[in-house]
Amino acid sequence: MRSIASVAALVALASLSACASRSDLTLQPANVSSLDVARGPAPAYRNAVALAPVSVGRDTGTPWTVRFGATQVQQALMETLLAARLGTAQSGRFRLDATLLNLERPYAGFAMTVTATIAYRLIDSRTGAVLYNQTISTIGSATLNDAITNENRLRIADERAVQANLRQLVEDLYSLPEPQSRMAGTRRY
């Protein structure tokens with residue numbers, strides 16, 4: 001009888017500690033360590049992408065309703081761009097606009113899957129040319145192994161969905177070709 005009470009107490013304590021460790025969840029930058037950062041983006045994009053203020057879309061059907069908002073996403077996006085050798089804290093040759101469109105979240109469940117949709121546009125500040133214009137939707141999941149309560153599972157799934165979105169953006173930007181200069185295609189005689 002005593003051993004059952006001890007086991008129950010240990011399980012309850014472990015459950016509480018698992019919940020407490022993730023209750024202060026903040027949005028962290030995407031993990032780009034597995035990307036070939038040494039190869040990186042085309043030379044023109046290296047350390048040359050400045051981030052415009054992140055905005056929130058006006059979709060009232062599935063609005064961006066999450067504990068972290070535009071400010072936290074902007075900070076995580078900037079840190080992700082810096083880690084990927086794309087970002088600059090000063091004004092760069094390129095400007096990246098990001099709009100948080102929606103976050104599809106379940107109401108309840110044992111496994112929570114969230115879809116984050118963010119629109120991005122990369123503009124060449126010198127020419128005004130739009131070099132990248134995509135809307136990216138990514139998922140993030142959390143199960144009972146991650147957290148006991150629905151609220152904490154949702155927070156974890158939210159963060160994972162946004163981090164996957166930021167990582168996909170970096171992969172897309174790495175695949176962009178070197179931008180053409182205005183003089184491209186002209187011949188000198």
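Rules used throughout
- Residues numbered from 1 in each chain as written.
- Predicted model: local features only at pLDDT ≥ 70, side-chain atom pairs only at ≥ 80, totals over all residues.
- Heavy atoms only, no water.
- Helix = DSSP H or I, 4+ residues; strand = E, 2+ residues; numbered from the N terminus.
- Buried < 20%, exposed > 50% of the residue type's maximum accessible area, 1.4 Å probe, protein only.
- Contact = heavy atoms within 4.5 Å.
- Areas by Shrake-Rupley, 256 points an atom, 1.4 Å probe, with all protein chains shown as cover.
- pLDDT = per-residue confidence, 0-100.
- Pairing = 2+ DSSP bridges.

(A) Seen up close, the overall build of the protein. Helix and strand content of the protein: three helices and five strands. Counting from the amino terminus, the protein carries its helices and strands in the arrangement α-β-β-α-β-β-β-α. Across the 189 residues in the protein, those meeting the buried criterion constitute 40%. Counting only contacts in the protein whose residues sit at least 6 apart along the sequence, the fraction spanning at least 24 positions is 72%. Working note: accessible area of the protein is about 10,700 Å², and carbon and sulfur atoms make up 54% of it.

(B) Spatial organisation of the confidence of the model for the protein. Across the protein, the average pLDDT comes to 81, with 77% of residues at 70 or higher. Mean pLDDT values over the elements of the protein span from 41, in helix H1 (residues 2–22), up to 97, in strand S5 (residues 130–142). Ignoring residues within four places in sequence, the model shows residues 5–25, a span with pLDDT below 50, making 15 contacts including any to other chains.

(C) Layout of unusual backbone geometry. Notably, Asn47 is not glycine yet its phi reads approximately 55°, a positive angle. Topologically, Asn47 is positioned in the loop between H1 and strand S1 (49–51).

(D) Representation of the pairing of strand S4 (residues 112–124) within the structure. In terms of residue burial, S4 counts as a mostly covered element, since 11 of its 13 residues are buried. Here 10 bridges tie strand S3 (residues 94–104) to S4, and the two strands are oriented antiparallel to one another. Within S4, the residue paired with Ala98 across the bridge is Tyr120. Pairing between S4 and S5: 12 bridges, direction antiparallel. Note that in S5 the partner of Arg121 across the bridge is Asn133.

(E) Focus on the environment of Pro41. Checked against the element boundaries, Pro41 lands in the loop between H1 and S1. Once residues within four sequence positions are removed from consideration, Pro41 is found in contact with Arg46, Ala84, Arg85, Leu86, Leu173 and Tyr174.

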